[in-house]
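Listed below, chain by chain, are the residues.
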Amino acid sequence: MGLLEQCEAAFGSPDLYRVLGVRRQASPEEIRRGYHRASLRVHPDRAQPEDKEEATRRFQILGKAYAVLSDAEQRAVYDEQGTVDEEGEALRGERDWQEYWRLLFKKITVKDIEDFEKSYKDSEEELADIKAAYMDFEGDMDRIMESVLCVDYTDEPRIRKIIEKAIDSGEVPSYKGFVKEPKQKMMARKRRAEKEAREAEKTKDELGLGGEDDLKALIQSRNKDRKKEMDNLLAQLEAKYGNNAKKGGKKTAAKKGKK
């Protein structure tokens, strides 16, 4: 089975960019960050014993996807032809993908994460990333929230305000999927995020975040305040769009909205 078929089987898509959660025009550094983020979710060291074999398989597939997209020549071939060189150096042989990962990414601390978050949030880089994600995913907030760094569902009101300001100023088009997103879809996204947050708390020690006594209290305090903002946003959308905001129903193919 070739790499693209492996991606389809493991992640539901043969698109290497989508598997890594990045846009097709992503810079090498964005691709590297996307690989880091995606691989952390399936890293074998985080898996339960019964899930370790599947986690290892998915982890190896992500490594191969990154190996292709991080090589300028192979990426160009993939972009032009939609194929990968299965016999190329990046994919040939039995590479130790966990060792490859450790060489790419140093062990990070809670302070590293907090320092980066402080410098990234509300920066020009974050603003550019949000607008790019909005354009790439045509206003699909599910994919925008997955793509932008250092955000969770409690950041959604802030992200929405940034996008709405960009729409009002004419920097980006108005996509129907964004301006008339059903409340049902938003609530489903919120429930998924809350579940992931609970699971992340359980694995905090495994990620080396133990011992930071004030971190948990800090996160809980932030989330309590931000949850109020999210609830207010849902109420505002329901009032603004009325019945349109309540329409859920069956999923339909995404259509590109126009101004």
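## Considering the overall build of the chain
Then, in step 1: In terms of helices and strands, the chain carries 14 helices and zero strands.
Then, in step 2: Burial analysis of the chain (259 residues in total) assigns 39% to the buried set.
Then, in step 3: Long-range contacts, defined as pairs at least 24 residues apart, comprise 68% of the intrachain contacts of the chain with a sequence gap of at least 6.
Then, in step 4: Of the roughly 15800 Å² of accessible surface on the chain, 49% is carried by carbon and sulfur atoms.

## Things to note about the confidence of the model for the chain
Then, in step 1: With 67% of its residues at a pLDDT of 70 or more, the chain shows a mean pLDDT of 76.
Then, in step 2: When pLDDT is averaged over each helix and strand of the chain, the minimum, 42, is found for helix α14 (residues 243-246) and the maximum, 94, for helix α10 (residues 156-168).
Then, in step 3: Low pLDDT, under 50, characterises residues 209-222; the stretch is placed with 11 contacts to residues that sit more than four places away or in other chains.

## Concerning unusual backbone geometry
Then, in step 1: At aspartate 122, a position not held by glycine, the phi torsion is positive, near 65 degrees.
Then, in step 2: For aspartate 122, a relative accessible area of 55% translates into the label exposed.
Then, in step 3: For glutamate 138, which is not a glycine, the phi torsion comes out positive at approximately 50 degrees.
Then, in step 4: Within the secondary structure, glutamate 138 sits in the loop between α8 (124-136) and α9 (141-147).

## A few points about the side chain of serine 39
Then, in step 1: Along the chain, serine 39 turns up in helix α3 (residues 28-42).
Then, in step 2: Only 3.0 Å separates the side chain of serine 39 from the backbone oxygen of histidine 36, close enough to count as a polar contact.

## Some remarks on the packing of α3 against helix α4 (residues 52-69)
Then, in step 1: Running from amino to carboxyl end, α3 crosses α4 at an angle of 175 degrees, the nearest separation of the two axes being 9 Å. As the angle between them shows, α3 and α4 are arranged roughly antiparallel. Contacts between α3 and α4 involve Ile31, Arg32, Tyr35, Ala38, Ser39 and Val42 from the first element and Ala55, Arg58, Phe59, Leu62, Gly63, Tyr66 and Leu69 from the second.
Then, in step 2: Each residue belonging to the contact of α3 with α4 can be placed in one class, and the counts come to nine nonpolar, two polar and two charged.

## Some points on α10
Because the α-helix completes a turn every 3.6 residues, residues three or four places apart line up on one side.
Then, in step 1: Compared with an ideal rise of 1.5 Å per residue, which puts 13 residues at 18 Å, α10 spans 18 Å between its outermost C-alpha atoms and is within 8% of the ideal.
Then, in step 2: Those residues of α10 that sit buried are Glu156, Pro157, Arg158, Ile159, Arg160, Ile162, Ile163, Ala166 and Ile167.

What counts, and at which threshold
- Residues numbered from 1 in each chain as written.
- Predicted model: local features only at pLDDT ≥ 70, side-chain atom pairs only at ≥ 80, totals over all residues.
- Heavy atoms only, no water.
- Helix = DSSP H or I, 4+ residues; strand = E, 2+ residues; numbered from the N terminus.
- Buried < 20%, exposed > 50% of the residue type's maximum accessible area, 1.4 Å probe, protein only.
- Contact = heavy atoms within 4.5 Å.
- Areas by Shrake-Rupley, 256 points an atom, 1.4 Å probe, with all protein chains shown as cover.
- pLDDT = per-residue confidence, 0-100.
- Polar contact = N/O pair within 3.5 Å; in protein donor to acceptor, adjacent residues only side chain to side chain.
- Axes fitted to C-alpha atoms, helices over the stretch in contact; angles between N-to-C directions.
- Parallel < 35°, antiparallel > 145°, perpendicular 65-115°, else oblique.
- Nonpolar A, V, L, I, M, F, W, Y, C, P; charged D, E, K, R; others polar.
- Expected span 1.5 Å × (residues − 1).

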